[in-house]
Amino acid sequence: MDQKMIESGTDGGAVLMPHSEVPASSGGVGAGVLMCLLSMCCIQFGAALSSSAIATYGPAGATWLRLSFAAIALAIIVRPKVMRYSRAQWLGALTLGTVSALMTLSFFAAIERIPLGLAVAIDFLGPLLVATLGFGLSRQLTWPLIAGIGVLLLAYDGEGWVGNLPGILFACGAGTGWACYILLTKKVGSAFKGFEGLSMSLIIAAIVATPFGFASAVPYLTGHGLLEMAGLALLVPLLPYALEMVALRRMPTSSFGILMSLEPAIGAFAGFVILTQPLTPSQMFGTALVVAASIGATVFVARA
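None of these values were measured; they are calculated from a predicted model.

Across its 14 residues, helix 12 (residues 262-275) extends 19 Å between first and last C-alpha, which sits within 8% of the 20 Å expected from 1.5 Å per residue. Inspection of helix 12 places Leu 262, Glu 263, Pro 264, Ala 265, Ile 266, Gly 267, Ala 268, Ala 270 and Gly 271 among the buried residues, and these make up the whole buried set. Looking one or two places after helix 12, you find Thr 276, whose phi comes out positive at around 50°.

Below, the discussion takes up the pattern of salt bridges. The final tally for this structure, using the stated rule, is two salt bridges. Across the pair Lys 81 and Glu 196 runs a salt bridge, and its minimum N-O distance is 3.4 Å. Pair noted here: Lys 81 is in the loop between helix 3 (51-78) and helix 4 (87-113) and Glu 196 is in helix 9 (residues 196-217), with a separation of 115 residues, a long-range link. Judged by relative accessible area, Glu 196 falls into the buried class, the value being 9%. The closest approach of N and O atoms between Arg 113 and Glu 112, which form a salt bridge, is 3.2 Å. Residue classification places Glu 112 among the partly exposed residues on the basis of a relative accessible area of 42%.

Below, the discussion takes up the packing of helix 4 against helix 5 (residues 116-123). Between helix 4 and helix 5, whose axes approach to 8 Å, the crossing angle comes to 145°. In terms of crossing hand, the pair formed by helix 4 and helix 5 is right-handed. Contact residues: helix 4 offers Phe 107, Ala 110 and Ile 111, while helix 5 offers Leu 116, Ala 119, Val 120 and Asp 123. The class makeup of the residues in the contact of helix 4 with helix 5 is six nonpolar, no polar and one charged.

Using the criterion set out here, one finds one cavity of 30 Å³ or more in the structure. In terms of lining, the largest cavity is formed by 14 residues, of which the most central are Ile 43, Met 103, Phe 107, Asp 123 and Tyr 241. For the lining of the largest cavity, the secondary structure elements donating two or more residues are helix 2 (26-48), helix 4, helix 5, helix 8 (165-191) and helix 10 (223-248). With four residues, the top contributor of residues to the lining of the largest cavity is helix 4. The class makeup of the residues in the lining of the largest cavity is nine nonpolar, two polar and three charged.

Procedures and definitions
Residues numbered from 1 in each chain as written. Predicted model: local features only at pLDDT ≥ 70, side-chain atom pairs only at ≥ 80, totals over all residues. Heavy atoms only, no water. Helix = DSSP H or I, 4+ residues; strand = E, 2+ residues; numbered from the N terminus. Expected span 1.5 Å × (residues − 1). Buried < 20%, exposed > 50% of the residue type's maximum accessible area, 1.4 Å probe, protein only. Salt bridge = Lys/Arg side-chain N within 4 Å of Asp/Glu carboxyl O. Axes fitted to C-alpha atoms, helices over the stretch in contact; angles between N-to-C directions. Left-handed = near helix turned anticlockwise from the far one by under 90°. Contact = heavy atoms within 4.5 Å. Nonpolar A, V, L, I, M, F, W, Y, C, P; charged D, E, K, R; others polar. 1 Å grid on protein atoms, 1.4 Å probe; cavity = no way out; pocket = protein on both sides within 12 Å on 5 of 7 lines; lining within 4 Å. Points joined across faces, edges and corners; volume = space filled by probe spheres on them.

This is how it looks when you write it as structure tokens:
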């Protein structure tokens, strides 16, 4: 990749990393922020509502069912032109689909083992890294640092760090996948028309997850279970992935990454409301810090 492409933030026309001077209209950023908020609420409340599905089908089985339902529904709506895509488009969709599957498998394996708020806090380190790299070593680094402190407070219950090693490792894997997912979603979204790239990546994600989840899910499926999983697939991943792909067309990757600092706060709130996982005063303060960092970063980008 030559220096000119690196400086422009592109690789043959597909965005790789945001440029700090890319202009963003306030309307575009505002719409992107709203889409991100809706996406995060869908993901976290969908995850909190998935406890019974995970208990029934296992994390891998629940993940496979979600991805399969989402892939089928979107393929019916979008009708991707499978035979007409270029090699570059196929490669992008294959990469994004594989990353999405592994990220989702890791995340649901994590929340089976550790509290939702902690899993999301660790998971957030991925987009925080994207935000930090995108902003560069400048005063904008203040926002990721504030958000990072808030994440650490959310992961501490006042007496010690909560969780176990397997759950933490799965959450770290999900965070790594999330960082890659943000960059790949922006690139794939710009390479396809409409939601065709998302549709192809979901089909691939469902195929990748099949060896992990098919055997643990199929023996326990019932009519009620199919309806339940279809509804959960709408919350995670179909609606969030669609919203995020559109949002990433409207805002820089760094802005998207730091806005995701709201995710641990929403995850902690969802865990408190639905799973009755309590919040300590220090965790509430951590929530306030990540919210402040997200608002500060978003206002800065809108004024840039």
